[in-house]
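A look at the structure
Each chain, letter by letter, is given below.
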Amino acid sequence: MTTGNADLSPNAPHLPATRPDVDGTWHHLHPLSPVVQLGRGLPGLVIVLALPILGHRGGGTSGDWSDVALIVLAGAAGLVSWWVTRWRLERGVLRVDTGLVRRRVTQLPLARIQSVDIVRPGTARIFGLAELRVRSGGSHSGDARLAYLSSERAEEVRELLLRLASGSTAVLRPGSAELTLARASSVRLLVAIPLRARTLAPALMVALVAGGDWASRLGSPSARPFTSTLLTALAVAIVLTAIAVFRQYTAQFGYEVSETADGLLLRGGVIGTVTETLSHRRVQALRVVEPCLWRPFGWAQLVADVAGGQRRKDEDRAVSGRQRILVPVAPRGEVLALAARLAGGPLPSGTAPPPAARLKAPLSYPMLRGALADGFAVASIGRLRRLTTVVPLARVQSIRWTQGPVQRRLGLATVHLDAVGRRGSGLTLRDRSSGEANRLFQELPDLCQRALRADQVKQSAGHRGIRPDPPHPPDMLDS
Amino acid sequence: MHRSLGHGAEARQAPTHPTRFGPLTSPLVEADVDGPIGLLDSAWARPSAGLRRMRQAEVGASAVVILLIAWIATLSQAAALPWSLVGLAAACLLLGLPYVGRKARSWRFLERESDLLVERGVMFRRLSVVPYGRMQTVEVAAGPVEQLFHLATVQLHTASAATDARIPGMAPYEAEQLRERLVQRGEAFAEGL
């Protein structure tokens, strides 16, 4: 987070460094942007070019001219796109104009800015460029992208936007008052990533098919354990897994989460790096994920459910969607401590449902826990993997009570707290005793409303976030 | 303040609670005495009797379709009537009609001070609470079948896709009124907050 003192804006050299862009002049993106765009589209271009070459391997040179034309065309399109894209700060609005034929004007009120993120894809990093992504509340149509600016300029504009958005005149430097909460250990990450079902799935599937194939030919005399098909399948599985591991590892390497005045600051990645601010208000729920194979090691992952738009096609997975990884992998205790810190109070371990629930849910019964704390609810569910969800009561959208016939016989009921987002994004207190479920259902509407009011009072008092107190040193790092 | 939106006898005769599937364990029944929810059954509003008629008509129609298929089968193969299909149609009518009737009657809702309660279900019972302040949109919709029976569904949306609060089988005019009321309250809450 080092920002040069010199005015790095090429378009406004006459302005003092503190307020480089408020004058309302138009700015272009960095001139190298089309090159980076072309570079990002390179794999696709290579495939398009390679197809005819592969097709007429022994043939003539008919393809050459069209290849050149294609590259020139792509380059020209990028250049035109760069030429027609410009942005400026108008009165309280960030305006981005783009598009040659279909002109598109994005006007983003500064007051509604929720986060300003810096993304550096691998190709952009080569040229020292970065993409600035400005998110506003509500739907994704309200997002603006500035791709690409020079890294220093991106940092500068980011700080400026955050400062204008918060309405404060004080210079708000994200780097100044930040506190690292957790940093991913690269060795642990390397062990943990392959141990997830998500990564292992392709390998397992191929292994299963191959194993079944081998078993079916066991009876025949010419049965050999390793046929060429099987070996190929295994090789494919290994390659797929390796790719998956590599992608996750490079995305999560050096991942760290720190706390700033704006909220949480997420940073990480090797090839493409991401810097994202996540204001506490955007966090709708926290999830502690403990995959089956991580549990012997006592590891867990911390994920935040985030309000905001859906993922767009052109967005990277790392900074889009509705979930953000806060801690890729860490000892469970640390993850829970961080979750407690973000939730604003110690996480209760929760109580198990009555023993009768064992009949209805024999596999998940050992995992089921639920508790109501001051200002938030906690619940664990799962069969093989454990998923612990923390939902601030101030974020609850609706409450549901459900009871099936089996539950009725056993005197059980389930209470759901629905959080913002897709189905299943909330918290489920599964198979509680019906008395407890009833009490919860009666008390929760009031508790949620009270929590919401307290939250709003806090907000109007100038605090940003769901916690009443300003950042203080985390206790989890002491031990 | 709480208006019964049901029509005549149907609304009053509706069973207080389905008891065939187990003891009464609704959170609202136990809250009756001193809970925050005033729980006289009369306080709840219910959809109109048209909902039951519509659901039963749907079951009847599916039985007719099954019988038609059976009849067509006899035509093409010149075989005897396939009794399994006839049995299916009969089961559909015998078990389905009472069940959907009970299910339709199980819907009820209560407009409380700061939130809307919706209850439904016979086998799988569901109770939802949607605070007025959390409602994003309230829409009144009527599909072709509902239009045939002069019914409409009030659907509530919050920022969560899991919110399943809807009230089917309302008379269009009453649905419109309910929507107006809910929107007003939602606005009042949004201002107050």
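For clarity, every value in this text was computed on a predicted model and none was experimentally measured.

About the cut-offs
- Residues numbered from 1 in each chain as written.
- Chains lettered and ligands numbered in written order.
- Predicted model: local features only at pLDDT ≥ 70, side-chain atom pairs only at ≥ 80, totals over all residues.
- Heavy atoms only, no water.
- Helix = DSSP H or I, 4+ residues; strand = E, 2+ residues; numbered from the N terminus.
- Contact = heavy atoms within 4.5 Å.
- Buried area = accessible area lost by both parts, 1.4 Å probe.
- Salt bridge = Lys/Arg side-chain N within 4 Å of Asp/Glu carboxyl O.
- Polar contact = N/O pair within 3.5 Å; in protein donor to acceptor, adjacent residues only side chain to side chain.
- Nonpolar A, V, L, I, M, F, W, Y, C, P; charged D, E, K, R; others polar.
- Pairing = 2+ DSSP bridges.
- Axes fitted to C-alpha atoms, helices over the stretch in contact; angles between N-to-C directions.
- Buried < 20%, exposed > 50% of the residue type's maximum accessible area, 1.4 Å probe, protein only.
- Core = buried A, V, L, I, M, F, W, Y, C linked by side-chain atoms within 4.5 Å.
- Expected span 1.5 Å × (residues − 1).
- Bend = angle between axes of the 7 residues up to and from the residue.
- pLDDT = per-residue confidence, 0-100.
- Patch = residues over 30% accessible without salt bridge, like charges linked within 9 Å, V, L, I, M, F, W, Y side chains within 5 Å.
- Areas by Shrake-Rupley, 256 points an atom, 1.4 Å probe, with all protein chains shown as cover.

1. Side note on the environment of L68 of chain B
Mapping L68 of chain B onto the fold places it in helix α3 (residues 50-77). Note: C-alpha distance between L68 of chain B and E180 of chain B (112 residues apart in sequence) is 44 Å.

2. Description of the interface of chain A and chain B
With 30 residues of chain A in contact, the opposing surface of chain B contributes 36 residues. Between chain A and chain B lies a buried interface of about 2,800 Å² when both sides are counted; carbon and sulfur atoms form 53% of it. Seen at the junction of chain A and chain B, the total is zero salt bridges. At the boundary of chain A with chain B, the tally comes to nine residue pairs in polar contact (both at pLDDT 80 or more). Contributing elements (two or more residues each) for the side of chain A that touches chain B: β18 (398-403), α11 (405-410) and α12 (434-460) of chain A. Top contributing element to the side of chain A that touches chain B by residue count: α12 of chain A, with nine residues. Across the side of chain A that touches chain B, the residue classes tally to ten nonpolar, twelve polar and eight charged.

3. Thoughts on the sheet that holds strand β20 (residues 427-433) of chain A
With antiparallel pairing, the six strands of this open sheet are ordered in space as β20(A)-β19(A)-β18(A)-β3(B)-β2(B)-β1(B). One side of each edge strand has no neighbouring strand; the edge strands of this open sheet are β20 of chain A together with β1 (108-111) of chain B. For this sheet, the mean angle separating the axes of adjacent strands, direction not counted, is 15°. Note: β1 of chain B against strand β2 (residues 115-120) of chain B, four bridges, orientation antiparallel. Note that in β2 of chain B the partner of L110 of chain B across the bridge is L117 of chain B.

4. Section: the pairing of strand β13 (residues 299-306) of chain A
Residues and elements named next belong to chain A. Most of β13 sits inside the fold, with eight of its eight residues counted as buried. Where burial is concerned, the two faces of β13 agree: the one with W299, Q301, V303 and D305 and the one with A300, L302, A304 and V306 are both buried. Pairing analysis gives six bridges linking strand β12 (residues 283-290) to β13, with the strands arranged antiparallel. Looking at the pairing, R287 lines up with V303 of β13. With six bridges joining them, β13 and strand β14 (residues 323-331) adopt antiparallel strand pairing. Bridging across to β14, A300 finds its partner in A330.

5. Description of the sheet that holds strand β6 (residues 166-170) of chain B
Residue and element names in this part refer to chain B. Pairing is antiparallel across the open sheet formed by three strands, whose spatial order is β4-β5-β6. Only two strands of the sheet have a single neighbouring strand rather than two, namely β4 (137-141) and β6. Going from strand to strand, the sheet's axes swing by 15° on average, the running direction of each strand aside. Across three bridges, strand β5 (residues 152-157) lies against β6 in antiparallel orientation. Each bridged residue has a counterpart across the sheet, and for V154 the counterpart in β6 is I167.

6. Some words on the nonpolar core
Core analysis: the biggest nonpolar cluster contains 29 residues, and L302, L326 and V327 of chain A have the highest contact counts within it. Secondary-structure elements contributing two or more residues to this core are β8 (179-183), β10 (263-268), β12, β13, β14, α9 (332-343) and β16 (376-381) of chain A. When residues no more than four places from it in sequence are discounted, the contact partners of V327 of chain A are A182, V257, Q301, L302, V335 and L338 of chain A. By size, the runner-up hydrophobic cluster in this structure holds 26 residues, among which are L440 and C448 of chain A together with L127 and V129 of chain B.

7. Observations concerning the environment of R181 of chain B
Residues and elements named next belong to chain B. Relative to the assigned elements, R181 resides in helix α6 (residues 172-192). R181 sits in the buried class, given a relative accessible area of 12%. Residues R181 and E111, spaced 70 residues apart in sequence, show a C-alpha to C-alpha distance of 9.7 Å.

8. Details of helix α4 (residues 83-106) of chain B
All names here are of chain B. For α4, spanning 24 residues, the distance from its first C-alpha to its last is 34 Å, which sits close to the expected 34 Å at 1.5 Å a residue. Helix geometry: α4 is bent most strongly at G96, by close to 35°, with proline P98 lying one to four residues after it. For α4, the complete set of buried residues consists of V86, A89, G96, V100, G101, A104 and S106.

9. A word on the confidence of the model for chain B
Residues and elements named next belong to chain B. Considering every residue of chain B, the mean pLDDT works out to 78; 75% of them sit at 70 or more. Residue range residues 1-25 is modelled with pLDDT below 50. Its contacts to residues more than four positions away, or to other chains, number 60 contacts. Low confidence marks residues 30-38, where pLDDT is under 50. Its contacts with residues over four positions away, or in another chain, come to 15 contacts. Both scores are given for the predicted complex: the pTM is 0.72, the ipTM 0.79.

10. Let's talk about unusual backbone geometry
Residues and elements named next belong to chain A. Each neighbour pair has its own omega, and for A147 with Y148 the value is 5°, a cis peptide bond. The residue Y148 is located in strand β7 (residues 144-150) in this model. The backbone phi angle of D431 is positive, close to 55°, even though this residue is not glycine. For D431, the location among the structural elements is in strand β20.

11. Re the pattern of salt bridges
All names here are of chain A. Per the counting criterion, the structure on display carries 27 salt bridges over all chains. Between R400 and D418 there is a salt bridge, with its nearest N and O atoms 2.9 Å apart. Remark: D418 occurs in strand β19 (residues 412-418) and R400 occurs in strand β18; sequence separation between them is 18 residues. For D418, a relative accessible area of 2% gives the class buried. Connected through shared salt-bridge partners, R88, E90, R95 and D97 make up one network.

12. Section: a nonpolar patch on the surface
Together, V64, L68, W71, I72 and L75 of chain B make up a nonpolar patch on the protein surface, roughly 510 Å² of accessible area in all. In this structure, I72 of chain B sits in helix α3.

13. Digging into the side chain of S398 of chain A
Along the chain, the position of S398 of chain A falls in strand β18. Relative accessible area serves as the criterion here: at 1%, S398 of chain A is assigned to the buried category. Reaching out from S398 of chain A, the side chain makes a polar contact with the side chain of D418 of chain A at a distance of 2.7 Å. A polar atom in the side chain of S398 of chain A sits 2.8 Å from the side chain of T163 of chain B. Sequence-distant contacts of S398 of chain A, that is, excluding residues within four places in its chain, are made with H416, L417 and D418 of chain A together with V129, V130, P131 and T163 of chain B.

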